[in-house]
Structure formats: structure tokens, C-alpha cells
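As a plain string of letters, each chain reads:
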Amino acid sequence: MTYSKSLSTYIDMVTYGTTRSLQRCVHTVANSSCSSLLRKFCVYENSLACSLSDHPVGKDLQAMRTGQRQNKGMRTRLGCLSHKSDSCSDFTAILPDKPNRALKRLSTEEATRWADSFDVLLSHKYGVAAFRAFLKTEFSEENLEFWLACEEFKKTRSTAKLVSKAHRIFEEFVDVQAPREVNIDFQTREATRKNMQEPSLTCFDQAQGKVHSLMEKDSYPRFLRSKMYLDLLSQSQRRLS
């Protein structure tokens, strides 16, 4: 990833005020193994935080630098994230079944089919579990959780429950500064907000589509190249030999 693209990601974080975007940007820089990029990024982060000192995002950045949050600074954060695990063991820890039993059930053919398409991956419970574990290493698991919540939401039959579920999903994933805010554009966020006036089974379709496209074009290809997925394929193949 180039320096300019990293800055573009960072600017997106400032535009939409999402702390998740900051975490993703930090993760990208931490894994770049480029000391010059790291220095430039930190300098840019310092100057940006100062220029936005009166803006909530600027205050948030300054709080991170001065240790008012759990992390003691951007360099410490980068150092920790660079050692984030990405292995098959991360996947087995959150499998829907016991790890050993689940791995025995997962055939090489099934794991290989995950690479056919993103939708094939999402249709397999072990595929979803593995992808969720991978997204956790990139601090973007909220995208998958939102997509799954929307799929479950569409099964709602009670009108009373539909309204309460819709507002709960919006407040958790879509609203600005939501606990697990997904990375969507302003227009989509506002369109979804208007849908909350009269929630329906399709009120999240636009936002869900945006998030699906983001994962399919961005996270999914990296998952297929990840050590976690390659280890999983290797383990399933060894069981056949």
C-alpha cells in the first residue's frame, strides 16, 4: 500500500469520524514493514490532530497520543498490532463445534470451495467462522456482524419486533459513533436513517449491499491469501494423506 493511499484511508476516518477506520489504517501501516512510511504517518497524525484540536475527531486523536485512552501512543499501538496473530488456531477457537470435531468434518473440498466466491464462503458456517476470525485480526469484524444481523433481520415476521430490531441494528452498526460502526458513505447512512422512520424488511438493503461489496472486494481476497486460510487447507489435506 502506498503512502498516499494510507493517507487517503486516514482522511476517510476523519471525514466519517469512525474509530474503526483508524484501527484499520493503523493495522495497514503496521504490516507494511516500512519504517519511512511509519515515520511519515506518525508525523501526519500529529499535525492532523493539532489542526483539528477543536473538532471531536482531533480531540480523540490527541487523547490517544497523550495516553488518555488505553493505548499509550501511536507507536506503541503499531508495535502491538504488528504482532497480531493470523493462524488456523485463531479460527478453531471460535468454531461453532469443538475444534477437533469441526476440523474433521471440514473437508478439503469444502474449504477449497470458499475460494469460488464470497457468497459460497458466507453460505458455509465454518467459512463464516473462519472469515470472522480473520476479520478480527484486521479490526473489521463489525462488517460481517452487520451483514449477518441484516440476514437475520429479514427473517422477522412480527411487526412489533421488526421495529425494535431495526432500531437496535441501526444504533449498533449504522449510526455515527455506533459501538460497532460500519464503514459506509454519508449518503447511505442518511438514507438508512430515513428508513428508520418506517422500518421494513428492506430498510437495510442499501447499507448491507455496500458492506457486502466492501468485504468482497477488500477483505475476502486478503482472507484467501492469509496464513489462516492456507493453514486450514493444509490441515484438511494432511488428513486425507
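Parameters at a glance
- Residues numbered from 1 in each chain as written.
- Predicted model: local features only at pLDDT ≥ 70, side-chain atom pairs only at ≥ 80, totals over all residues.
- Heavy atoms only, no water.
- Core = buried A, V, L, I, M, F, W, Y, C linked by side-chain atoms within 4.5 Å.
- Buried < 20%, exposed > 50% of the residue type's maximum accessible area, 1.4 Å probe, protein only.
- Helix = DSSP H or I, 4+ residues; strand = E, 2+ residues; numbered from the N terminus.
- Salt bridge = Lys/Arg side-chain N within 4 Å of Asp/Glu carboxyl O.
- Phe/Tyr/Trp six-rings, centres within 6.5 Å; stacked < 30°, edge-to-face > 60°.
- Axes fitted to C-alpha atoms, helices over the stretch in contact; angles between N-to-C directions.
- Parallel < 35°, antiparallel > 145°, perpendicular 65-115°, else oblique.
- Left-handed = near helix turned anticlockwise from the far one by under 90°.
- Contact = heavy atoms within 4.5 Å.
- Expected span 1.5 Å × (residues − 1).
- Bend = angle between axes of the 7 residues up to and from the residue.

As annotated in an unreviewed UniProt entry, the chain carries the name Regulator of G-protein signaling 8 and comes from Felis catus.

We now examine the nonpolar core. If you look at the biggest cluster of nonpolar residues, it comprises 38 residues, and the most contacted ones within it are W114, F131, F146, F204, M215 and F223. Elements supplying a minimum of two residues to this core: α9 (118-122), α10 (125-137), α11 (141-153), α12 (159-174), α14 (205-225) and α15 (227-240). Examining the composition of this core, we find that seven residues originate from one element, α10, more than from any other.

For the rest of this paragraph, the subject is the pattern of salt bridges. Inspection of every chain in the model, using the stated rule, returns 12 salt bridges. Between E138 and R222 there is a salt bridge whose closest N-O contact spans 2.6 Å. On the criterion of sequence distance, the pair formed by E138 in the loop between α10 and α11 and R222 in helix α14 is long-range, its members being 84 residues apart. The buried category is assigned to E138, whose relative accessible area is 8%. The class for R222 is partly exposed, based on a relative accessible area of 27%. Note that R193 is salt-bridged to E190, the shortest N-O span being 3.3 Å. Of this pair, R193 and E190 both sit in helix α13 (residues 186-195), three residues apart, which is roughly one turn of the helix. On the accessibility criterion, E190 (24% relative accessible area) is partly exposed.

So, on to the packing of aromatic side chains. Here the structure, examined in full by the defined rule, presents nine aromatic pairs. Ring geometry for F146 against F173: centres 5.7 Å apart, planes inclined by 55 degrees, an arrangement best described as tilted. Of this pair, F146 sits in helix α11 while F173 sits in helix α12, and the two are 27 residues apart along the sequence. Overall, F173 belongs to the buried group, its relative accessible area being 2%. Ring geometry for F153 against F204: centres 5.4 Å apart, planes inclined by 80 degrees, an arrangement best described as edge-to-face. Of this pair, F153 sits in helix α11 while F204 sits in the loop between α13 and α14, placing them 51 residues apart in sequence. Accessibility assignment for this pair places F153 and F204 in one class, buried. Through pairs of rings, three or more aromatic residues link up here, namely W114, F118, F131, F134, Y220, F223 and Y229.

If you check the backbone angles, F139 has positive phi at about 55 degrees while not being a glycine. Its location among the elements puts F139 in the loop between α10 and α11. Under the relative-accessibility criterion, F139 is labelled buried at 15%.

Bringing the packing of α11 against α14 into the picture now. Where α11 meets α14, the axes come as close as 10 Å, and the angle between the chain directions of the two elements is 140 degrees. By the angle between their directions, the pair α11 and α14 is classed as oblique. Like other packed secondary-structure pairs, α11 and α14 cross with a definite hand, here left-handed. On α14, the residues touching N143, L144, F146, W147, C150 and E151 of α11 are A207, Q208, V211, H212, L214 and M215.

This next bit is on the environment of R222. For the pair R222 and F134, spaced 88 residues apart in sequence, the C-alpha to C-alpha distance is 9.2 Å. In this view, R222 contacts F134 and E138; residues no more than four positions away in its chain are not counted.

For the rest of this paragraph, the subject is the environment of D175. Looking at where D175 falls in the secondary structure, it is placed in the loop between α12 and α13. The sequence separation of D175 and R193 amounts to 18 residues, and the corresponding C-alpha distance is 7.8 Å.

So, on to α14. Helix length check: α14, at 21 residues, gives a terminal C-alpha distance of 29 Å against a target of 30 Å (1.5 Å per residue), a fit within 8%. Within α14, the axis deviates most sharply at S219, by approximately 40 degrees, and proline P221 lies no more than four positions further along. Taken residue by residue, α14 has A207, Q208, V211, H212, M215, S219, Y220 and F223 as its buried positions.

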